[in-house]
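In case you want the letters, here they are:
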Amino acid sequence: MEWIARYEQQQEKKALKNKMNKVRRELVKAIDKNDHIKRDELISLYFTYLAEFEKN
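Residues numbered from 1 in each chain as written. Predicted model: local features only at pLDDT ≥ 70, side-chain atom pairs only at ≥ 80, totals over all residues. Heavy atoms only, no water.

**Overview of the overall build of the protein**
1) Next: Assigned secondary structure in the protein consists of two helices and zero strands.
2) Next: Its C-alpha atoms give the protein a radius of gyration of 14 Å, clearly above 10 Å, the size a compact globule of 56 residues would have.
3) Next: For the C-alpha atoms alone, the extent of the protein along its principal axes is close to 50 × 15 × 10 Å.
4) Next: When burial is assessed residue by residue, the protein has 16% of its 56 residues classed as buried.
5) Next: Accessible area for the protein stands at about 4,800 Å²; split by element, carbon and sulfur atoms hold 53% of it.
6) Next: In the protein, 13 positive and 10 negative side-chain charges are present, and the distance between their average locations comes to 5 Å. (Helix = DSSP H or I, 4+ residues; strand = E, 2+ residues; numbered from the N terminus. Rg over C-alpha atoms; globule rule 2.2 N^0.38 Å. Buried < 20%, exposed > 50% of the residue type's maximum accessible area, 1.4 Å probe, protein only. Areas by Shrake-Rupley, 256 points an atom, 1.4 Å probe, with all protein chains shown as cover. Lys, Arg positive; Asp, Glu negative; His and termini not counted. Charge placed at Lys NZ, Arg CZ, Asp CG, Glu CD.)

Have a look at this one:
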């Protein structure tokens, strides 16, 4: 049973990492387009994900 919990936690971390990578790619696009509003939203979202990732 222990390995099931560990596997689920690894999957959650992997999904969160994928979300962070997607946000990072979108952030680069927003910076390239000089979209300051979207950039600020993405930075906030990225750090929210990062805090959740560090918590796990």
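**Section: the pattern of salt bridges**
1) Next: Here the structure, examined in full by the defined rule, presents three salt bridges.
2) Next: Put simply, E26 and K38 hold a salt bridge, and the shortest N to O gap is 3.6 Å. Taken together, the residues span a long stretch of sequence, with E26 in helix α1 (residues 2-32) and K38 in helix α2 (residues 36-55) at a distance of 12 residues.
3) Next: Each of E26, K29 and K38 takes part in a single network of salt bridges with overlapping partners. (Salt bridge = Lys/Arg side-chain N within 4 Å of Asp/Glu carboxyl O.)

**Re the environment of M1**
1) Next: Along the chain, M1 turns up in the segment before α1.
2) Next: Separated by 51 residues in sequence, M1 and E52 place their C-alpha atoms 24 Å apart.

The analysis is restricted to geometry; functional conclusions fall outside its scope.
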